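Each chain, written out:
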Amino acid sequence: MDIKEMADREKYTPKAIESKWQTRWQEDGLYRSKVDWSKPKHYALTMLPYPSGDLHIGHWFAMTPSDARARWMRMRGYNVLFPMGFDAFGLPAENAAVQRGVHPAKWTWANIERMRGQLRTMGAMFDWEREMVSADPSYYRWTEWFFKQFFQNDLAYRGEAMVNWSDALQTVLANEQVIDGKDERLGQPVIQKMMTQWFFRYRRYADEMLNFENIDWPEKIRAMQTNWIGRSEGARVTFHTEHGHPLDIFTTRPDTLWGVTFMVLAPEHPLVQKVTTPAQKAEVDAYIEFTATQTEIERTAEGKDKTGVFTGGYAVNPVNGAHVPIWIADYVMITYGTGAIMAVPSGDQRDFEFARKFGLEIIPVIQPEGVSFDGATMEVAYADAGYMINSGEFDGTYSNGDKGRKNPAISQVIDWLEAKRYGKEEVNYRLRDWLISRQRYWGSPIPVVYTEDGKIEAVPDDQLPVVLPEDIDFQGMTGNPLGRSPSFLNTTDSKGRPARRETDTMDTFMCSSWYHLRYLSPHYQAAPFDPEEAAYWLPVDVYTGGTEHATMHLLYTRWFNKAIRDLGVFNDAAEIMARNGRNPEILLDEPMLLLRNQGQVLGAERNGDVVVVTGQREGGQLIARRIEVLPQEDARTLERLAAAGETLPYPREDNRVVGEIVKRTENLLTIADLTRGGELQPVEVPDSAQITIPGIPGTNTVNQLKHHLEVQRMSKSKGNVVNPDDLVSAYGADTVRAYLMFGFDWEKGGPWNDDNIQGVVRWLNEVWDMIMAGPVAGMGDAEAARQAERKVHQAIKKVSDSLENFSFNTAVAALMTLKNELRPLAREGKLTGEAWGEAMRDMLLLMAPITPHITEELWAALGLPYSIHQQLWPEYDADKAAETMTTLVVMKNGKPIDRVAVPVGIGEADAKAAALASEGAKRVLNSSQPQRVIFIPGRAGGAAGAEPKVNIVL
RNA sequence: GGGGGAGUGGCGGAAUUGGCAGACGCGCAUGACUUAGGAUCAUGUCUCGUAAGAGGUGAGGGUUCGAGUCCCUCCUUCCCCA
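Residues numbered from 1 in each chain as written. Chains lettered and ligands numbered in written order. Predicted model: local features only at pLDDT ≥ 70, side-chain atom pairs only at ≥ 80, totals over all residues. Heavy atoms only, no water.

## Examining the side chain of Asp127
Keep this limit in mind: Under the scheme used here, helices are H or I runs from DSSP no shorter than 4 residues and strands are E runs no shorter than 2 residues, and both carry numbers assigned from the N terminus. Accessibility here uses a 1.4 Å probe with only protein chains present; expressed as a share of the type maximum, an area under 20% marks a residue as buried, one over 50% as exposed, and anything in between as partly exposed. N or O atoms closer than or at 3.5 Å make up a polar contact, with two conditions inside protein: a donor-capable atom paired with an acceptor-capable one, and, for residues adjacent in sequence, both atoms drawn from side chains.
Note on placement: Asp127 falls in the loop between α5 (104–120) and α6 (137–152). The exposure class assigned to Asp127 is buried, which follows from its relative accessible area of 2%. Side chain to side chain, Asp127 and Ser33 meet in a polar contact 3.1 Å long.

Next comes the structure, spelled out in structure tokens:
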């Protein structure tokens with residue numbers, strides 16, 4: 001080995017060591033996870049990626065901290081399962097086929113291959129032998145099987161429904177996939193269409209899904225799911241038309257029934273034709289036609305102008321016999337409740353606005369004490385607590401503003417309605433059944449056939465999976481691709497007669513609703529999962545991923561789990577569980593016990609140009625004559641001077657503005673003027689203005705001026721994508737991992753920032769140098785050894801607590817602090833070889849989950865036995881972490897005024913005496929007597945703020 | 001309009017039960033070593049003040065010996081739902 005090589009060896013070169021250890025770990029099966037009932041299990045799961053072709057920095061941000069935590073659990077003695085796979089069905093593959101002529105399967109598998117390689121560079125402890133790919137027939141065989149289970153047990157049905165149809169995607173979408181009337185993928189308009197589709201009985205588990213008692217999920221997700229399910233308690237009440245047709249409505253406010261002054265039907269309501277009078281018919285028909293062009297969002301937007309048409313018909317209110325006009329209006333949805341509402345304008349703002357617009361009567365029925373409402377003069381609806389009025393025998397009953405039976409007025413009215421048979425108590429949900437049909441190719445087939453006589457038959461189990469055909473031409477075709485494959489389409493039914501296959505495929509959320517089960521035994525043939533594995537590993541202990549799945553994946557997967565539990569799919573596993581002393585009653589109700597969401601890494605912020613604008617004042621704004629963009633260095637210098645409050649080379653002048661462009665709208669610039677303390681200044685740029693930009697010769701235009709960009713999602717078109725591969729080759733995986741954990745609040749995320757990574761680079765270099773330098777010969781010092789031990793144990797506590805709480809940034813900070821503490825001790829030769837070795841050893845162990853490669857390399861360099869990742873987490877010892885001396889903080893009225901060194905655990909009397917004797921106390925007391933002296937004892941652990949305090953109250 | 005977050009230095013961000021606000025890091029400043037420095041090392045770095053000291057966590061009020069943390073009012077902002 002020559003000198004250069006030796007020098008290189010002494011430097012930390014991640015590239016050399018990372019692939020070496022990754023290969024070794026894989027060869028040794030270091031991360032294989034096997035059932036072992038003698039050890040406690042821990043199933044850590046992070047949401048699987050869609051194989052779009054390239055790993056994104058967001059994947060690293062989601063996965064590597066989860067990996068660190070899984071590794072930490074493993075070091076604590078848990079048998080950890082941390083699998084990875086691919087959510088491989090979906091539209092992008094099909095789009096690639098259409099656009100580039102690549103078969104979706106080919107495109108998908110090539111991407112998977114590429115992403116596997118990228119995932120490996122993370123150095124995560126994924127057990128690749130448990131990998132699953134949802135587009136693999138060995139996987140979707142069981143997706144189909146689950147569909148059959150649902151189909152055969154009345155959880156899946158074919159139904160006619162108004163669906164969201166995307167012309168751009170040529171398929172229907174679930175409500176969750178439609179945002180503001182547009183599809184969430186392309187942002188193209190979605191229209192309403194009546195179609196026959198496959199549904200799952202999503203509502204069947206609505207109430208159970210509202211219960212989060214036994215799971216630790218973020219408040220935010222629970223709120224979103226609760227909101228999405230939208231349970232409302234109330235009553236169904238039957239009105240009748242004047243012709244005697246029953247007309248059911250659902251209301252959450254039966255206590256306001258006496259205030260009904262009109263009814264509103266959805267334009268699609270079947271009774272509309274029956275109640276419409278000949279005189280109104282033309283107007284009604286025209287309105288119905290108009291409504292059909294509106295999206296649901298447009299129809300229900302709260303601020304919008306109310307529209308509607310009188311049908312000419314009347315309904316009879318059962319509670320008081322009143323005849324009220326029947327209207328139709330687009331804000332009533334045929335899909336919600338009964339498609340008809342009773343309108344109580346005095347108690348509902350939308351009804352109120354409608355009534356005012358069309359001159360309908362308003363009758364107040366709930367009135368707070370001390371107020372007297374008059375329907376003719378009310379200005380807004382009143383929906384809060386009050387006493388019932390104008391309500392017959394219920395007058396004077398108190399309605400407390402609550403919903404459902406918690407409101408005594410509602411409760412009494414419901415009982416009364418039921419006794420009189422006018423209506424009955426009912427619960428309604430916003431949640432609609434799960435629409436799973438997609439008119440696409442690249443998804444799991446729906447294993448049913450249509451017989452000649454129009455019956456639906458499930459494909460027998462021994463014929464599963466129904467495999468996607470290969471002979472599809474994707475280019476230039478519209479409509480459902482499977483319908484174009486005769487080999488697929490034509491089949492036979494159970495009696496051997498010709499039959500036609502279902503050509504819809506399943507929503508990919510179906511695939512991702514059970515992937516955590518397939519990881520348990522991806523090669524198992526007899527069932528979707530091996531009950532022996534399930535009994536041990538289930539449920540998922542920690543699930544991490546993004547909030548964007550709150551009402552979709554995370555709600556679907558809960559539904560799926562409950563449905564298959566009730567179908568007995570878990571029965572064998574439950575039995576084995578019980579035999580091993582685990583309680584299946586609770587453990588199999590929910591798929592994931594604990595959920596945590598990471599935030600999003602956003603594109604880097606971009607600075608705007610710093611400009612010097614001269615021109616003429618006109619009113620508040622400057623009309624530019626000349627705009628000069630400053631070169632980068634000058635701009636930075638200027639900003640630095642301004643930040644430091646120093647004199648700028650440009651004094652403040654009325655006809656000049658100097659600063660960064662923070663916004664530009666057409667020809668109007670907004671500039672944070674440095675000569676005016678950053679105050680925002682509007683600057684108008686006429687075409688005649690002379691603009692100079694360094695490096696761009698010739699005439700420049702206002703369009704070339706760069707304004708400060710908002711922090712935003714990374715995307716190729718915005719040119720702000722951070723490529724993890726580039727980062728890894730520049731810094732190494734350990735640095736990227738540690739930086740992602742250190743530089744952000746993990747649950748929050750934030751804009752990417754290149755500069756801050758330097759801190760992590762220095763940290764790892766210093767750790768490397770410190771250990772490679774070996775112990776420095778010197779006099780071993782007992783106090784120094786004690787100090788090293790103390791700092792190590794304080795770090796054990798801090799790092800453990802941080803990882804436990806997903807507070808990855810403070811875990812890294814604690815490790816950096818430990819390095820800072822140990823380094824002078826090591827360098828000055830104050831530690832014996834033994835004390836040094838112990839401290840380095842523990843420091844590496846604490847770092848191992850976060851930076852697995854460098855720690856493995858240094859572990860080996862210390863001559864310790866392979867592998868560091870099979871070692872136990874150092875045990876925290878509070879005695880060893882304890883300090884002997886601490887700082888007593890002397891305060892005056894809660895503000896620190898002095899500090900005194902005192903022994904840890906100082907008693908109240910001693911502390912007070914020491915405090916009163918301090919210089920600071922003498923000064924503030926000035927020989928007067930304090931009113932009160934309060935002692936706050938120190939806390940254990942050596943954390944900040946744990947010191948004892950004495951507060952002197954003057 | 002309803003629900004859930006968030007607001008702390010130039011920046012990313014810390015701060016168990018109310019108990020030294022600004023850990024850790026970036027950046028910056030000064031110095032050292034260098035042919036050189038976008039390397040490394042040392043020191044400093046909330047604001048005002050030469051200092052003693054005073055002030056300080058979006059604004060205002062309250063509870064408390066003591067509030068970033070609890071309560072009330074308001075402002076800004078992000079997300080979800082309508």
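## A look at the protein's contact with RNA strand B
Note the cut-off: Residues are counted as near a molecule or strand when any one of their heavy atoms sits within 4 Å of it.
Around RNA strand B, the surrounding shell holds 41 residues, and the nearest of these are Arg430, Gly743, Arg762, Arg939 and Asn951. Within 4 Å of the protein, the contacting atoms of RNA strand B are 71% sugar and phosphate, with bases supplying the remainder. Here a phosphate oxygen of RNA strand B sits 3.3 Å away from a polar atom, N or O, in the main chain of Gly749. A distance of 3.4 Å is found between a phosphate oxygen of RNA strand B and a side-chain nitrogen or oxygen belonging to Arg827. It is helix α26 (residues 808–827) that provides the largest number of residues to the surface near RNA strand B, a total of eight residues.

## Observations concerning the sheet that holds strand β25 (residues 540–546)
What counts, and what does not: Whether two strands pair depends on DSSP finding at least two bridges between them. Structural elements are reduced to axes, namely lines fitted to C-alpha atoms, with helices fitted over the stretch in contact, and the angle between N-to-C directions of any two is expressed from 0 to 180 degrees. Throughout, a contact is declared for two residues whenever any of their heavy atoms are within 4.5 Å.
Spatially, β2-β1-β25-β26 is the arrangement adopted by the four strands of the open sheet, whose pairing is parallel. Looking along the sheet, the strands with just one partner apiece sit at the ends: β2 (79–81) and β26 (592–598). Direction aside, neighbouring strands of the sheet carry axes that sit 20° apart on average. Alignment of β25 against β26, held across six bridges, turns out to be parallel. By the bridge assignment, Tyr543 is partnered in β26 with Leu595. Lying on the sheet, helix α3 (residues 57–75) is in contact with β1 (41–46), β2, β25 and β26; it crosses β1 at an angle near 175°.

## Some details on empty space enclosed by the protein
Where we set the bar: Both cavities and pockets are sets of points on a 1 Å grid over the protein atoms alone; in a cavity a 1.4 Å probe fits but cannot get out, in a pocket the set is open with protein on both sides within 12 Å along at least five of seven lines, and lining residues sit with an atom within 4 Å of a point. Grid points are joined across faces, edges and corners, and a volume is the space filled by probe spheres set on the points. Charged means Asp, Glu, Lys or Arg here, nonpolar means Ala, Val, Leu, Ile, Met, Phe, Trp, Tyr, Cys or Pro, and polar covers whatever is left, Gly included.
Going through the model one piece at a time under the given rule, you end up with four cavities of 30 Å³ or more. The volume enclosed by the largest cavity comes to roughly 60 Å³. Around the largest cavity, the lining residues are His42, Ala44, Leu45, Ser66, Arg69, Ala70, Phe82, Val542, Thr544 and Phe806. Approximately 40 Å³ is the volume attributed to the second largest cavity. Contributing to the lining of the second largest cavity are Arg253, Thr256, Ser346, Gly347, Pro364, Val365, Ile366, Phe373, Met378 and Tyr382. The class makeup of the residues in the lining of the second largest cavity is six nonpolar, three polar and one charged.

## Comments concerning the packing of aromatic side chains
Each aromatic ring pair is specified by the distance between its two centres and by the angle formed by the two planes. Counted only if it meets this: Two rings from Phe, Tyr or Trp (for Trp, the six-membered ring) form a pair when their centres are within 6.5 Å of each other. A pair whose planes differ by under 30 degrees is stacked, one over 60 is edge-to-face, and the rest are tilted.
Within the structure shown, the criterion is met by 55 aromatic pairs. For the pair Trp21 and Tyr866, a centre-to-centre distance of 6.0 Å together with 15° between the ring planes defines the contact as stacked. In this pair, Trp21 sits in helix α2 (residues 14–28) while Tyr866 sits in the loop between α28 (852–861) and α29 (878–881), placing the two residues 845 residues apart along the sequence. The exposure class assigned to Trp21 is buried, which follows from its relative accessible area of 7%. Relative accessible area serves as the criterion here: at 29%, Tyr866 is assigned to the partly exposed category.

## Details of the nonpolar core
Applied cut-off: Remark: nonpolar core denotes a set of buried residues (Ala, Val, Leu, Ile, Met, Phe, Trp, Tyr, Cys) joined through side-chain atoms within 4.5 Å.
In terms of nonpolar packing, the biggest core is built from 178 residues, with Phe147, Phe150, Trp559 and Trp763 touching the most fellow members. Examining the composition of this core, we find that 10 residues originate from one element, α26, more than from any other.

## Some thoughts on unusual backbone geometry
What you tend to see is this: most non-glycine residues have negative phi, and most peptide bonds are trans. Backbone torsion omega between Leu464 and Pro465 reads 0°, so that peptide bond is classified as cis. That bond from Leu538 to Pro539 is cis: its omega, -10°, falls within 30 degrees of zero. The topology assignment puts Pro539 in the loop between α17 (531–537) and β25. Here Asp154, not a glycine, exhibits a phi torsion of approximately 60°, which is positive. Judged by relative accessible area, which is 39%, Asp154 ranks as partly exposed.

## Looking at helix α19 (residues 571–579)
Condition: What the arc describes is the spread of directions from the helix axis to the C-beta atoms.
Taken as a whole, α19 has its buried residues at Ala573, Ala574, Ile576 and Met577. One face of α19 carries all of its buried residues, which in axial projection span an arc of 165°. Projecting away from the buried face of α19 at angles above 90 degrees are the exposed residues Asp572, Glu575 and Arg579. Among the structural elements, α17 and α20 (584–587) are those in contact with the buried residues of α19. Remark: Gly581 follows α19 within two positions and exhibits a positive phi of approximately 80°.

## Some words on the pairing of strand β38 (residues 949–953)
Counting buried positions over the five residues of β38 gives five, a clear majority of the element. Both faces of β38 are covered, namely the face carrying Lys949, Asn951 and Val953 and the face carrying Val950 and Ile952. In this sheet, β38 lies alongside strand β35 (residues 885–892) in parallel orientation, the contact comprising four bridges. Along β38, the bridge assignment pairs Lys892 with Ile952. Relative to β38, strand β37 (residues 932–936) runs antiparallel, the two sharing five bridges. Residue pairing in the sheet places Val933 in a bridge with Ile952 of β38.

## Quick notes on the side chain of Thr338
Note that Thr338 resides in the loop between β12 (323–328) and β13 (340–343). At 2.8 Å, the side chain of Thr338 forms a polar contact with the backbone oxygen of Asp248. There is a polar contact of 3.3 Å between the side chain of Thr338 and the backbone oxygen of Ala340. Thr338 has contacts with Arg236, Asp248, Ile249, Phe250 and His269, leaving out every residue within four places of it along the chain.

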